Amino acid sequence: MRATALSSLLLGSWLPAALAQMVTHDANFHPDHILRVSVAQVPLSCESRTDIVVNGTSPGPALHILPGTSSWIRVYNDMPDQNLTMHWHGLTQRMAPFADGTPLASQWPIPPGHFFDYEIATNNDDAGTYFYHSHVGMQAMSCTGPLIVDDCGSSPYHYDDERIFHFQDFFQKSDQEMMQGVTEGPFKWTGETHGILLNGKGVATGRQASSGPSGGGRGFFGGRLGGSPDGFHSNGRRDGGDDSDDESESGDSQSDNAASNGSDDSNQAQVEITAGCTLPVIDVEPGKTYRFRFIGATGLSFLTMGLEDHPDLTIVQVDGSEYNAPVKTDHLNMGAGQRFDVLFKAKTMDELAQNGNKSTFYLQFETLERPEPYIGYGVVRYFHSNPIPAAPANKVLDLSHDPTQWMEYTFVPLFPEQNQAPSASEVTRRIIIDAEQKQDKATGRVVWELAHLSWTEHTYTSPLLVDIYERGNEALPNWEAAQSNYGWDPRTLSFPCKFGETLEIVFQNTGSELGGIVETHPFHAHSKHYYDIGSGKGKYDAEANNNKLEQTGYKSVKRDTTMLYRYDETAGVGEPAGWRAWRIKITDAGVWMIHCHILAHMMMGMQSVWTMGDADQIQKLPPTAISGYLTYGGDVYGNATHAPSLYQYFNGTNQCKPVQRRERIRVY
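Presented here is a report on the structure given in the accompanying data block. Because the structure is a prediction, the values reported are computed rather than measured. (Residues numbered from 1 in each chain as written. Predicted model: local features only at pLDDT ≥ 70, side-chain atom pairs only at ≥ 80, totals over all residues. Heavy atoms only, no water.)

### Section: the pattern of salt bridges
Between side chains of opposite charge, a pair can form when the charged atoms approach closely. Within the structure shown, the criterion is met by 34 salt bridges. For Arg 559, the salt bridge is made with Asp 319, and the minimal N-O distance between the two is 3.0 Å. Of the two residues, Arg 559 is situated in strand β28 (residues 558-559) and Asp 319 in the loop between β16 (313-318) and β17 (323-329); the sequence distance between them amounts to 240 residues. By relative accessible area, Asp 319 is classed as buried at 0%. Between Lys 441 and Glu 513 there is a salt bridge, with the nearest N and O atoms lying 3.9 Å from each other. Taken together, the residues Lys 441 in the loop between β22 (429-439) and β23 (446-450) and Glu 513 in the loop between β25 (502-510) and β26 (521-525) connect sequence positions 72 residues apart. Judged by its relative accessible area of 68%, Lys 441 falls in the exposed class. In this structure, a network of salt bridges that share partners links the residues Asp 151, Glu 162, Arg 291, Arg 293 and Asp 341. (Salt bridge = Lys/Arg side-chain N within 4 Å of Asp/Glu carboxyl O. Helix = DSSP H or I, 4+ residues; strand = E, 2+ residues; numbered from the N terminus. Buried < 20%, exposed > 50% of the residue type's maximum accessible area, 1.4 Å probe, protein only.)

So this is what it looks like as structure tokens:
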């Protein structure tokens with residue numbers, strides 16, 4: 001099952017060849033993708049809402065890029081009165097740190113009426129499922145879309161086609177109302193989710209989904225059916241396809257000569273916005289094996305889900321970047337920011353006939369560990385001519401509501417010889433980060449703190465990365481001072497790391513000052529992926545966990561978002577309630593963030609800024625290239641009358657050169 005011969009397909013960690021020069025993106029420049037962000041009234045969840053949309057829809061188009069390449073993605077801010085950034089969730093901006101999309105940490109936001117060209121570089125081992133989203137305020141609730149790094153040639157696993165499942169929350173309140181409620185006093189919570197959207201469609205609380213006609217409903221990211229992308233053109237994807245069993249033509253293989261067309265993505269992989277109150281539909285064909293790409297783009301909800309009469313699912317990748325040995329499951333748990341790639345075997349015609357010719361099946365999803373749970377449904381449909389069923393009167397599955405043991409110490413690399421998970425003996429420093437909720441008694445404002453520090457995008461007056469370029473080492477946090485202050489420097493309010501360090505970062509959940517309440521948090525790291533070394537109830541015991549790792553021989557795949565569970569609904573105020581631990585080697589210079597991915601918690605301060613490397617290692621741009629990045633609306637930001645001049649890190653050389661093909665692993 002390991003198929004170690006397949007490792008010859010993985011070409012190491014090559015990045016596109018460096019170019020390092022100033023360029024002007026005038027009328028002769030054609031980006032690989034264009035995303036236009038605006039505000040629109042959108043029919044959603046059987047209701048409507050004023051949303052921030054990408055190319056007219058929420059979610060925005062699915063972008064496809066290749067490993068070992070660099071791409072230019074132009075992001076227009078067409079909003080009249082809001083700033084904007086775009087973050088490429090899960091992808092490391094190793095060599096282009098101004099392109100990470102974190103406002104007031106790594107870049108100035110894009111002003112209204114301007115655009116910014118993001119240079120996105122991928123390693124050859126970055127194939128996987130990611131997504132993009134704004135990193136300003138609550139905008140990521142709707143300003144988001146899938147980002148797929150396709151395999152270089154064939155994936156190690158066999159499948160015939162793929163589908164995207166992009167989950168979002170739906171709130172009746174506006175982004176502004178929710179943000180004011182959680183950042184000002186007296187505190188007013190956002191409320192619980194009003195609905196879960198699958199590929200932009202869902203049913204709000206209190207609404208009832210009706211049945212729908214045949215056809216339609218398949219509108220998921222280009223309307224792909226039977227391997228045909230329906231006018232789908234994008235960087236690194238072939239034009240068309242067929243149902244051939246030939247591996248060179250199957251759905252998980254891209255043509256070697258596919259190229260970007262520099263379009264605006266308006267006709268690519270775009271969901272269809274409809275006003276009807278019907279369930280979201282995913283179409284499949286009998287007998288085929290699919291790669292289901294599940295994306296947790298929710299702003300609050302932690303989901304559990306399963307598929308009616310289809311208990312055999314196989315997880316082959318989590319959080320992109322590294323394939324894992326196949327893991328069987330009958331359900332998924334997915335927090336905000338997480339992704340799971342799952343192989344799904346569709347029933348054959350004979351199996352459908354044996355089941356009374358039933359050909360539509362419910363995907364049931366429920367929110368976990370929230371005071372007002374939501375239950376929603378999608379439909380997996382075998383024949384496009386079938387009508388869309390109404391929502392079931394009763395639940396079709398009995399899903400577990402205890403997520404704490406699901407897939408812990410489970411995901412191991414498909415190619416273990418390439419795994420670089422640090423051992424306990426390699427750890428040079430352990431940082432304990434208490435996650436605490438506190439309340440200002442004078443104002444009534446409620447804040448979240450990480451290691452006794454509350455940080456939001458309003459903490460700094462200018463981006464820390466900009467400050468480092470302007471003042472060098474004087475702007476860096478003091479490493480010595482941080483050692484006696486919970487890991488962060490009290491002057492710069494950031495966590496310093498030195499090249500060569502191997503950190504063990506432990507998140508310790510605690511009881512809130514508001515009655516000892518404990519919440520579950522999805523923690524996400526920018527920069528390189530980390531190795532998750534487990535979780536548990538109560539207080540972290542390093543010796544006990546190290547013994548467990550040694551006894552089981554567990555070495556994790558790389559991750560970028562994992563869950564800090566609550567275990568119990570309450571704990572003593574400030575008392576330990578549960579923990580999550582990571583290990584990471586410090587190799588990628590820059591200013592990066594680690595934060596909870598619940599948007600309201602971020603706005604309340606559950607974010608942290610980390611510097612990796614010294615000034616010489618961070619300052620990759622020469623002095624002659626830096627000026628346009630240093631000011632809000634600087635020369636690197638274009639508009640209708642100004643062509644931006646910016647630094648091009650890479651020359652666009654395609655390092656994605658598949659070598660000899662091997663027999664892929666057939667799970668089904």
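Having seen the model, we can carry on.
### Some points on the pairing of strand β8 (residues 128-133)
By the criterion of burial, β8 is predominantly enclosed, with six of the six residues buried. In this sheet, β8 lies alongside strand β6 (residues 87-89) in antiparallel orientation, the contact comprising three bridges. Paired with His 89 across the strands is Phe 131, a residue of β8. Relative to strand β9 (residues 144-149), β8 runs antiparallel, the two sharing six bridges. Within β9, the residue paired with Gly 128 across the bridge is Val 149. (Pairing = 2+ DSSP bridges.)

### What about the pairing of strand β11 (residues 195-198)?
Residues Gly 195 and Leu 197 point to one face of β11 and Ile 196 and Leu 198 to the other, with burial holding for every one of them. Inspection of the sheet shows strand β10 (residues 161-170) paired to β11 by four bridges, in the antiparallel sense. Of the residues in β11, the one forming a bridge with Asp 169 is Ile 196. Following β11, the chain reverses through two residues before pairing antiparallel with strand β12 (residues 201-202); Asn 199 in that reversal takes a positive phi of roughly 50°.

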